Structures are given as C-alpha cells and as structure tokens.
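Here are the chains, one letter per residue:
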Amino acid sequence: KYNEILADLRAGFSSHGISYKVDDSGASVGKRYARNDELGVAMAVTVDFDSVGHNDNGLSGTVTLRERDSCTQVRIAVSEVADVVARVTSGKMAWKEVQGKYAEQRQSASASVGA
C-alpha cells in the first residue's frame, strides 16, 4: 500500500511540475520536519500508518500535509494533495483556506518542532 501511495503522489506532483524528494531515512518525523524547515521546504507530505490502513480509523488513503511557516498540518486525500500543493505554492489558494477545508492533524511531531 505504501508503494501505491508513493506512486500516486509522484504522478500527481510530476503532473503539476512540482519537484519533490522522498525522505525514507530512519530519522523521526519531527527531525525530518526540522531538517526540511532549515532548508526552506514550504510543504511536507507524510505517509503514515493511517495512510496505509494499519489503524482501523477510516483514514486509509489520506496523508498529512504540513505547512512550514505555521507548522500546522491537515489530513488530506492522496488524490487531492498534489493539486492543493500546486494551488498553495502558486498563490491561488491560501493556507488558511486549506485549513478551513481539511481536518487539522495534531501530532506530537509538531510539538517537537515548536508548533
């Protein structure tokens, strides 16, 4: 399931001309966020246990989308994330609009990077 989600994300980002990097290092999510924040990466997508359906909570097929400046996250369908990232990074959609449309995702990783 992870590889399927990754393939869908790659196809979506590529179709919008969005460059991306998959960080499959062994570092914690919080450390990955902090490292990318330092590099100036505006948005991060996290595929987690919920994404691949390991938890029976109805979140299978969704990912976490995190915005660097606010350190806030939303839960969003894999099928929608590339379009939302393209709209936000091109200025066609404000992050506040994203937050209004999608459920906020609170995780301990956010707390560890100062949110």
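The structure reproduced in this document is the subject of the present report. (Residues numbered from 1 in each chain as written. Predicted model: local features only at pLDDT ≥ 70, side-chain atom pairs only at ≥ 80, totals over all residues. Heavy atoms only, no water.)

This next bit is on the overall build of the protein. Check the secondary structure of the protein and you find five helices and four strands. In sequence order, the protein lays out its α and β elements as α-α-β-β-β-α-α-β-α. The C-alpha atoms of the protein give a radius of gyration of 13 Å, which matches the 13 Å a tight globule of 115 residues would have. If one aligns the C-alpha atoms of the protein with their principal axes, the spans along those axes are about 35 × 30 × 25 Å. Of all 115 residues assigned to the protein, the portion counted as buried reaches 36%. Here the protein displays about 6,700 Å² of accessible surface, and carbon together with sulfur accounts for 49% of that area. In the protein, 14 side chains carry a positive charge and 15 a negative one; their mean positions are 3 Å apart. (Helix = DSSP H or I, 4+ residues; strand = E, 2+ residues; numbered from the N terminus. Rg over C-alpha atoms; globule rule 2.2 N^0.38 Å. Buried < 20%, exposed > 50% of the residue type's maximum accessible area, 1.4 Å probe, protein only. Areas by Shrake-Rupley, 256 points an atom, 1.4 Å probe, with all protein chains shown as cover. Lys, Arg positive; Asp, Glu negative; His and termini not counted. Charge placed at Lys NZ, Arg CZ, Asp CG, Glu CD.)

What follows is about unusual backbone geometry. Most peptide bonds adopt trans geometry, and most residues besides glycine take a negative phi value. Of note in the backbone geometry, C71 takes a positive phi value of approximately 60° without being a glycine. Among the structural elements, C71 can be located in the loop between β2 (62-67) and β3 (72-77). Look at C71 and you get buried, because its relative accessible area is 12%.

All right, on to the layout of surface pockets then. A probe as big as a water molecule, rolled over the atoms, marks out the empty space that is left. When its volume is computed, the largest pocket comes out at roughly 840 Å³. Around the largest pocket, the lining comprises 29 residues; the ones closest to its centre are K21, V22, D23, A44 and V45. Put simply, the parts of the chain that give the lining of the largest pocket at least two residues each are α1 (2-15), α2 (29-39), β1 (43-46) and α3 (78-89). Looking at the lining of the largest pocket residue by residue, the class counts come to 18 nonpolar, five polar and six charged. (1 Å grid on protein atoms, 1.4 Å probe; cavity = no way out; pocket = protein on both sides within 12 Å on 5 of 7 lines; lining within 4 Å. Points joined across faces, edges and corners; volume = space filled by probe spheres on them. Nonpolar A, V, L, I, M, F, W, Y, C, P; charged D, E, K, R; others polar.)

In short, shape yes, function no, at least from these values alone.
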